[in-house]
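What follows is each chain in one-letter form.
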Amino acid sequence: MVSILILNYNGKEYLKECLSSVLSQSYTDYEVILFDNCSSDGSIDYIRENFDDSRIKIVSSEKNYGFAGGNNEALKHATGEMIVLLNNDTVVEREWLSELVKCLNESQNAGMVQSLVLTDGIPMKYYKKNGTINLFGHNIMEVFDIGQNGIGEIFQVNGCSLIIKKELLDKIDGLFPYEYFAYAEDTYLSFKVKFAGHKIYHNAKSMVQHKGGATMSKYRNEFVTFYQERNRLLNFLLFFSDTFRMKYYPLMLYNLFLKLIYGLFAGRYSAKGVLKAYGWIMKNGKWVEAERTKL
């Protein structure tokens, strides 16, 4: 059985297409955990009025936990042997779920599998290979080859649509730190799965159409910049050795300088958000060390 975790925050406009496509899967042994992050747009009433389906479990929160905490909370209500994370601003193909399950069960030492996520505005040429991240946590396109069967081993999983076994999640102490809230949490999970000795795969036969940025577009740039920047850096500070970190600190300073320049003169980042990210890391050294020890 598969538990599909779908988070929603004021995303009523996307729910009809998303849930309709999920409920039309060829794979039939699944449940949907719809976790609502304290929406104010009537999302819950809309689902109850338009989707009378016993496969959907609605969990309503009195606070916004973000992507990280919301999935953590949704996981508590899941009963499946396999866990799927799916964004609410998606439409999935009929074989989407069956292909995820098949690839996870049949691929060598598979820890996670991601779908082919076709995001609005991204040119098709970027889907010929899979990407990864650089030392600052930014996405890099066109790195890993994909086999003729559509399956290939990758490093970085896409949090928009992925599958992982519940048994493995129990082994690695769950999904995400609540502190992450949003952004780079899929990188965090990728590190955990890889360092636990498992492989991560891409399956192009599991297809997803993705709007992209539907939830986070509702937040201010300072808010987004803070979580993006802090979480990208935290992933390297949490998982790697002291020797690596000594080499990493000069790169962090270089990154800080560049982001401030881009923020002040090009408007690509919020300079205040960047400074808040670095300030948080400096103030929360004990938390970082405690997480490193646990990991």
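Just above sits the structure.
Attention here is on the structure that accompanies the text.

What counts, and at which threshold
Residues numbered from 1 in each chain as written. Predicted model: local features only at pLDDT ≥ 70, side-chain atom pairs only at ≥ 80, totals over all residues. Heavy atoms only, no water. Buried < 20%, exposed > 50% of the residue type's maximum accessible area, 1.4 Å probe, protein only. Helix = DSSP H or I, 4+ residues; strand = E, 2+ residues; numbered from the N terminus. Pairing = 2+ DSSP bridges. Right-handed = clockwise from strand over helix to strand, strands pointing away. Arc of directions from axis to C-beta. Contact = heavy atoms within 4.5 Å. Axes fitted to C-alpha atoms, helices over the stretch in contact; angles between N-to-C directions. Parallel < 35°, antiparallel > 145°, perpendicular 65-115°, else oblique. Left-handed = near helix turned anticlockwise from the far one by under 90°. 1 Å grid on protein atoms, 1.4 Å probe; cavity = no way out; pocket = protein on both sides within 12 Å on 5 of 7 lines; lining within 4 Å. Points joined across faces, edges and corners; volume = space filled by probe spheres on them. Nonpolar A, V, L, I, M, F, W, Y, C, P; charged D, E, K, R; others polar. Salt bridge = Lys/Arg side-chain N within 4 Å of Asp/Glu carboxyl O. Polar contact = N/O pair within 3.5 Å; in protein donor to acceptor, adjacent residues only side chain to side chain.

1. Thoughts on the pairing of strand β2 (residues 30-36)
Each regular strand displays side chains that alternate between the two surfaces of the sheet.
Then comes step 1: Taken across its seven residues, β2 has seven buried, putting it largely inside the fold.
Then comes step 2: Alternating positions in β2 separate into two faces, Tyr 30, Val 32, Leu 34 and Asp 36 on one and Glu 31, Ile 33 and Phe 35 on the other, with burial throughout.
Then comes step 3: Summarising the sheet, strand β1 (residues 2-8) and β2 pair through seven bridges and their orientation is parallel. Residue pairing across strands places Leu 5 opposite Ile 33, the latter belonging to β2.
Then comes step 4: For the crossover from β1 across helix α1 (residues 12-22) to β2, the handedness is right-handed.

2. A look at α1
Then comes step 1: Taken together, the buried positions of α1 are Tyr 14, Leu 15, Cys 18, Leu 19, Ser 21 and Val 22. Taken around the axis of α1, the buried residues stretch over an arc of 155 degrees, which confines them to a single face. Exposed and facing more than 90 degrees away from the buried side of α1 are Glu 13 and Lys 16.

3. Comments concerning the environment of Val 288
Then comes step 1: Mapped onto the fold, Val 288 is located in helix α10 (residues 285-294).
Then comes step 2: By relative accessible area, Val 288 is classed as buried at 4%.
Then comes step 3: Those residues within four positions of Val 288 in sequence are excluded, and the remaining contacts are Leu 234, Leu 237, Leu 238 and Arg 245.

4. Looking at the packing of helix α7 (residues 221-239) against α10
Then comes step 1: Close contact between α7 and α10 brings their axes to 8 Å; oriented N to C, the two are set at 55 degrees. With respect to their mutual orientation, α7 and α10 come out oblique. By crossing handedness, the relation of α7 to α10 is classed as right-handed. Here Leu 234, Leu 237 and Leu 238 of α7 lie close against α10, whose contacting residues are Trp 287, Val 288, Glu 291 and Arg 292.

5. Looking at the layout of surface pockets
Then comes step 1: Here the second largest pocket is characterised by a volume of approximately 380 Å³.
Then comes step 2: Every residue lining the second largest pocket is counted, 22 residues in all, and those nearest its centre are Ile 172, Asp 173, Tyr 188, Lys 192 and Leu 295.
Then comes step 3: Classifying every residue of the lining of the second largest pocket by side-chain character gives 13 nonpolar, two polar and seven charged.

6. Brief notes about the pattern of salt bridges
Then comes step 1: Scanning all chains against the criterion turns up 14 salt bridges.
Then comes step 2: Asp 242 serves as the salt-bridge partner of Arg 292, at 3.4 Å between the closest nitrogen and oxygen. Placement of the pair is Arg 292 in helix α10 and Asp 242 in helix α8 (residues 242-266), with a sequence separation of 50 residues.
Then comes step 3: With a relative accessible area of 19%, Arg 292 lands in the buried category.
Then comes step 4: One network of salt bridges, with partners in common, ties together Asp 242, Arg 245, Glu 289 and Arg 292.

7. Things to note about α10
Then comes step 1: Three or more residues of α10 are buried, namely Trp 287, Val 288, Glu 291 and Arg 292. Each buried residue of α10 lies within a common arc of 135 degrees when the element is viewed along its axis, so the set occupies one face. Across from the buried face of α10, at angles greater than 90 degrees, the exposed residues are Lys 286, Thr 293 and Lys 294.
Then comes step 2: On the buried face of α10, the contacting elements are α6 (185-195), α7, α8 and α9 (271-283).

8. Considerations on the side chain of Asn 10
Then comes step 1: Relative to the elements of secondary structure, Asn 10 occurs in the loop between β1 and α1.
Then comes step 2: Here Ser 40 takes part through its backbone nitrogen, which lies 2.6 Å from a polar atom of the side chain of Asn 10.
Then comes step 3: Engagement of the side chain of Asn 10 in a polar contact is seen with the backbone nitrogen of Asp 41, the distance being 3.3 Å.

9. Digging into the packing of α6 against α7
Then comes step 1: Their axes nearest at 9 Å, the elements α6 and α7 cross at an angle of 25 degrees. On the basis of the axis angle, α6 is roughly parallel to α7. As α6 runs across α7, the sense of the crossing is right-handed. Across the interface between the two elements, Thr 187, Tyr 188, Phe 191, Lys 192 and Phe 195 of α6 pack against Asn 235, Phe 236, Leu 238 and Phe 239 of α7.
Then comes step 2: Looking at the contact of α6 with α7 residue by residue, the class counts come to six nonpolar, two polar and one charged.

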